[in-house]
Amino acid sequence: MRNSSHTAHSTLPRLPVPTLQQTLDKYLKSIRPLVSADEYRNTERLVQQFRSDVGIGPKLQRLLEEKADESENWLADWWLHNTYLASRSPVVVHSNPGLVMPGQTFRSTDDRLRCASRMILGALDYKRLVDDGRLPQETIGKLPVDMAQHGKIFGTCRIPVADVDQLVFASNTSSGLSPRHIVVAHRNNFFKVNVYGGDGNILGEDVLLSLLNRIVELGERGPPVGILTAQNRDVWAKVYREMRQSVRNERTLSEIQKSLFLVCLDGPNETSGLNYQTTAALQMVHGGGADVNSGNRWFDKTVQFVIGENGEVGLCYEHSPSEGPPIASISDHVADFISGKRTTETSSAIAVADRVPELLKFDVSESIRSAIEDAKQNVAALVGDLDMACSTFEPFGKNFIKSQKLSPDSFIQVAMQLAFFRLAFRSFCLVVNGMIAFGLRD
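So, a few notes on the structure that sits alongside this text. Everything numeric in this text was worked out from a predicted model, so none of it was measured. (Residues numbered from 1 in each chain as written. Predicted model: local features only at pLDDT ≥ 70, side-chain atom pairs only at ≥ 80, totals over all residues. Heavy atoms only, no water.)

## Looking at the overall build of the protein
What counts here: Secondary structure counts use DSSP, requiring at least four H or I residues in a row for a helix and at least two E residues in a row for a strand, with both numbered from the N terminus. In this treatment the radius of gyration is a C-alpha quantity, and the globule benchmark scales as 2.2 Å times the residue count to the 0.38 power. Burial classification: accessible surface area is computed with a 1.4 Å probe over protein chains only, and a residue below 20% of its type maximum counts as buried, one above 50% as exposed, and the rest as partly exposed.
Each helix and strand counted, the protein has 14 helices and eleven strands in total. Radius of gyration (C-alpha) of the protein: 23 Å, near the 22 Å computed for a compact globule of 442 residues. Taking the principal axes of its C-alpha atoms as reference, the protein extends roughly 70 × 55 × 45 Å. Here the protein, with 442 residues, has 44% of them falling under the buried criterion.

Set out below in structure tokens:
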């Protein structure tokens, strides 16, 4: 990136290390409302021992300061490791957010695929802005936001590994070249689609529409291999190792992982009497189960755009490479392309090979088939255990909250805590808040 936002990255200060006194004072302040008087007095005693000259606190503080001297952000790798990659829970429901864009009206398959074509155009245009360094510098108040995460959402995938997962960034390969393809999921099948012409520009809307039509014409439903990505991470890691023993599977996995992003053309959705907002939200979060659309996903992929048959449009994203703001930004950009508010320069030189989607096939052994059945049951349990009811809150929105000099994010977090406190007999729940690095390097 070569724009002012990239320049701002190099000029941002590093994340400061709070003093030991500041850390412990904040710790005591944060737990005060949550413990009894006796528990608090005991905690104060332990804190005093920790911070004393004979305690371990000063030594740990020195080690932390040494780490900060050797890295741009002393917290980033710990945050990534402990919050995301070391978690063994399924990414579905537990950490992958869903985002719903404005609903659409599809009168035909062609309408739906044209919407998907515009989604692809919007996402690729956003990538071009990132690559060319033309994204406007974001700020929170007057403080610049580190824009590095915008470059981590394309061509990125989480890889299941026993104990601690890994992230693969395809744009950081030895060749230095960015991938030129996306993967389209339809009826549990995965298709590699080259999205650039011979002149290096993005394929046009009509060409993309033609490619998507070819995919939809291949109507045979495939085995729901993608549902394996919704498993417990250690379970999925074991199956993943077995799958890679097949040359065909190794290539298919690689093509999915290296793709810029996924586009999921979903089948019918289960409504079960829920309103449209709730149905769309659940579709983005988990896909509704193996018999609905959960097999038409690759939940390890950073960005998956989802297009339902009834106008549901949105995305699901794997959280570890990026916090919310870059995803919200690309979503707004894509929504403008869907509505026709934006367009972009497209290719006038298209090779014949670019017009042929490639079905990425899997070798599915009996043991893998058994693993898929287990995953289907576990996803069904996840789907059944998640209650959701979406509605529109009319009295006020973020602008009013900001006018009161409050953070909308913090306001919602406190509201969630208060609601749980009132409903759960005056106890608190654990709410994990996304980390936004502003005024600091990521």
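## Side note on the pattern of salt bridges
What counts is decided by this rule: Each reported salt bridge corresponds to a side-chain nitrogen of Lys or Arg within 4 Å of a carboxyl oxygen of Asp or Glu.
According to the stated counting rule, one finds 24 salt bridges in the structure shown. A salt bridge links Arg88 to Asp234, with the nearest nitrogen and oxygen atoms 2.7 Å apart. Here Arg88 is found in the loop between α5 (76-85) and β1 (98-100), whereas its partner Asp234 is found in helix α8 (residues 233-243), with 146 residues between them in sequence. For the salt bridge of Arg342 with Asp336, the shortest nitrogen-to-oxygen distance reads 3.3 Å. Residue classification places Arg342 among the partly exposed positions, given a relative accessible area of 40%. What you see here is one network of salt bridges that share partners, running through Arg88, Arg158, Asp165, Arg233, Asp234, Asp300 and Glu318.

## Focus: helix α6 (residues 109-132)
The α-helix winds at 3.6 residues per turn, so residues separated by three or four positions along the chain end up facing the same way. Quick note on the threshold: For a helix, the expected span equals 1.5 Å multiplied by the residue count minus one.
Here α6 spans 34 Å end to end across 24 residues, near enough to the 34 Å set by a 1.5 Å rise per residue. Of all 24 residues making up α6, 17 are buried, and the element is well covered by its neighbours. Residue Gly133 follows α6 closely and has a positive phi angle near 70°.

## Some words on the packing of aromatic side chains
Applicable threshold: For this analysis, a ring pair means two rings from Phe, Tyr or Trp (six-membered ring only for Trp) whose centres lie within 6.5 Å, classed as stacked if their planes differ by under 30 degrees, edge-to-face if by over 60, and tilted for the remaining angles.
The final tally for this structure, using the stated rule, is eleven aromatic pairs. Taking 6.3 Å as the distance between ring centres and 70° as the angle between the ring planes, the aromatic pair formed by Trp74 and Trp78 counts as edge-to-face. Residue classification places Trp74 among the buried residues on the basis of a relative accessible area of 13%. When its relative accessible area of 37% is taken as the criterion, Trp78 is described as partly exposed.

## As for helix α12 (residues 366-385)
Note the cut-off: The directions considered for the arc are those from the helix axis to the C-beta atoms. Throughout, a contact is declared for two residues whenever any of their heavy atoms are within 4.5 Å.
The end-to-end C-alpha distance of α12 is 29 Å, a good match for the 28 Å that 20 residues give at a rise of 1.5 Å each. Buried within α12 we find Ile368, Ala371, Ile372, Ala375, Val379 and Leu382. The buried side chains of α12 occupy one side of the element, clustering within an arc of 105° when seen end-on. Turned more than 90 degrees away from the buried face of α12, the exposed residues are Glu366, Gln377 and Gly384. Of the surrounding elements, those touching the buried residues of α12 are α8 and α9 (247-258).

## Quick notes on a nonpolar patch on the surface
For clarity, the cut-off: Residues enter patches when their relative accessible area tops 30% and they take part in no salt bridge; the joining distance is 9 Å for like charges and 5 Å for the nonpolar side chains Val, Leu, Ile, Met, Phe, Trp and Tyr. Computed with a 1.4 Å probe, the accessible areas rest on the Shrake-Rupley method; for each residue, only the protein chains presented here act as cover.
Taken together, the side chains of Phe393, Phe396, Phe400, Leu406, Phe411, Ile412 and Met416 present a nonpolar region at the surface, about 650 Å² in accessible area. Broken down by element, the nonpolar patch gets its largest block of residues, three residues, from helix α14 (residues 408-423). The topology assignment puts Ile412 in helix α14. Using a relative accessible area of 45% as the deciding quantity, one classes Ile412 as partly exposed.

## A few points about the side chain of Ser320
Here is the rule: N or O atoms within 3.5 Å of each other form a polar contact, as long as, within protein, one can give a hydrogen and the other can take it, and as long as residues adjacent in sequence are counted only when both atoms are side-chain atoms.
Within the secondary structure, Ser320 sits in the loop between β10 (313-317) and α11 (324-339). Given the relative accessible area of 8%, Ser320 is considered buried. A distance of 2.5 Å separates polar atoms of two side chains, one belonging to Ser320 and the other to Glu318.

## Quick word on the sheet that holds strand β9 (residues 303-307)
How we decide: Pairing between two strands is assigned when DSSP locates at least 2 bridges connecting them. Angular values range over 0 to 180 degrees, each being the angle between N-to-C directions of two axes fitted as lines to C-alpha atoms, with helices fitted over their stretch in contact.
Here we have seven strands laid out as an open sheet, ordered β1-β10-β9-β8-β6-β7-β11, and mixed in their pairing. Every interior strand has two partners, whereas the edge strands, β1 and β11 (358-360), have only one. Put simply, the sheet's adjacent strands are angled 25° from each other on average, direction ignored. Direction of pairing for strand β8 (residues 262-265) relative to β9: parallel, over a ladder of four bridges. Looking at the pairing, Leu265 lines up with Ile307 of β9.

Remember that the coordinates give geometry; whether it matters functionally is a separate question.
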